[in-house]
Amino acid sequence: MKNFRILGAVLFLLILSAANVDAQTRVAFTGGVEFAQTEGHNYSMWPGGSTSGFSAGLAAIIPTSGAFEFEFHGTYSRMGRASSYHGPVSIPAWSNDTIRTARVVSGNQLGLTALGRVNLPRMANGLRTYVAAGPALSWEVSCHVKSTVYESPYHWDTTGTTTSSCRGRDRLDFGLAGALGLEYRSAGDVGVTLGTVYTHGIRNLTKALYQGRGESATSRAVTIRAGLVYRIG
């Protein structure tokens, strides 16, 4: 709830600053699923592979002249990933000993995008399509790793579950976002929206200590979202 209050306060100020620009100033409540992937070289805490999680957001859509609009969108997303290993202690195997482990990574993020939207020619009354692009910023609020050892040949690596914080990665990321979507005015001041957003992270997320070892990690994400739109002008 605290995270949503922060997003709401930021976007409310943006709406107030532009509430008189046009009668079509709108606010949108969105929800959806985000598919993310971390790419890089020689990093251990965030191996490659896609992850998915729930994403919720609040947006202020502010029109200007013509077909151009601004969209300020704050999001809260919860990501997670599960992985497991059952096999030889070392590869290639040097003995018949095996180890069986599992790991679950879960994290929470706040994000903010500032997009310039261009509305395409309308396909029908009340329906608009748009493309958008702009900068994106995200902050990792929390991240935890839950590791479980089911079977191990080592006396010092006993079976059981431990939980620790994610390490070796910076929390702040920025990049570029592009979006494609539809918005339909269904009745009165209420409408619906459906779209896809691609976020391309630019910053190397590994800490300086690990970068010195040649490690790198950058993020990529695709969000599919839908929501309700309210006109406030």
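Attention in this report is confined to the structure presented alongside it.

Cut-off values and rules
Residues numbered from 1 in each chain as written. Predicted model: local features only at pLDDT ≥ 70, side-chain atom pairs only at ≥ 80, totals over all residues. Heavy atoms only, no water. Core = buried A, V, L, I, M, F, W, Y, C linked by side-chain atoms within 4.5 Å. Buried < 20%, exposed > 50% of the residue type's maximum accessible area, 1.4 Å probe, protein only. Helix = DSSP H or I, 4+ residues; strand = E, 2+ residues; numbered from the N terminus. Contact = heavy atoms within 4.5 Å. Phe/Tyr/Trp six-rings, centres within 6.5 Å; stacked < 30°, edge-to-face > 60°. Lys NZ or Arg CZ within 6 Å of the ring centre and 35° of its normal. 1 Å grid on protein atoms, 1.4 Å probe; cavity = no way out; pocket = protein on both sides within 12 Å on 5 of 7 lines; lining within 4 Å. Points joined across faces, edges and corners; volume = space filled by probe spheres on them. Nonpolar A, V, L, I, M, F, W, Y, C, P; charged D, E, K, R; others polar.

Examining the nonpolar core
Alright, step 1. Counting residues in each nonpolar core, the largest one holds 7 residues, listed as Leu115, Tyr130, Ala132, Ala136, Ala177, Ala179 and Val197.
Alright, step 2. When contributions to this core are tallied by element, the ones reaching two or more residues are β5 (127-151) and β7 (172-187).
Alright, step 3. Residues in contact with Tyr130, not counting those within four places in the same chain, are Arg117, Val118, Asn119, Leu120, Ala179, Leu180, Gly181, Leu182, Thr193 and Arg225.

Let's talk about the packing of aromatic side chains
Alright, step 1. Scanning the entire structure with this criterion turns up 3 aromatic pairs.
Alright, step 2. On the numbers, 6.0 Å between centres and 75 degrees between planes, the contact of Phe29 with Tyr230 is edge-to-face. A residue pair is termed long-range when its members are at least 10 positions apart, and Phe29 in strand β1 (residues 26-41) and Tyr230 in strand β9 (residues 216-231) qualify at 201 residues.
Alright, step 3. Aromatic side chains Phe70 and Phe72 sit 6.4 Å apart centroid to centroid with 25 degrees between the ring planes, which places their arrangement in the stacked category.
Alright, step 4. Among the aromatic residues, those joined into a ring-pair cluster are Phe68, Phe70 and Phe72.
Alright, step 5. The ring of Tyr130 has Arg117 sitting right over it, with the charged end atom 3.7 Å from the ring centre.

Some thoughts on empty space enclosed by the protein
Alright, step 1. The full count for this structure, using the stated rule, is 2 cavities of 30 Å³ or more.
Alright, step 2. The volume enclosed by the largest cavity comes to roughly 680 Å³.
Alright, step 3. Those elements giving two or more residues to the lining of the largest cavity turn out to be β1, β2 (50-63), β3 (68-88), β4 (98-119), β5, β7, β8 (190-201) and β9.
Alright, step 4. With 9 residues, the single largest contributor to the lining of the largest cavity is β4.
Alright, step 5. Along the lines of polarity and charge, the residues of the lining of the largest cavity split into 13 nonpolar, 26 polar and 9 charged.
Alright, step 6. Its volume calculated, the second largest cavity comes out at about 60 Å³.
Alright, step 7. As for the second largest cavity, its lining consists of Ala28, Thr30, Ala59, Ile61, Glu71, His73, Arg117, Tyr130, Thr193, Leu194, Gly195 and Arg225.
Alright, step 8. Elements with a contribution of two residues or more to the lining of the second largest cavity: β1, β2, β3 and β8.
Alright, step 9. When residues of the lining of the second largest cavity are assigned to their parent elements, the largest contribution, 3 residues, is made by β8.
Alright, step 10. Considering only residue class, the lining of the second largest cavity consists of 5 nonpolar, 4 polar and 3 charged.

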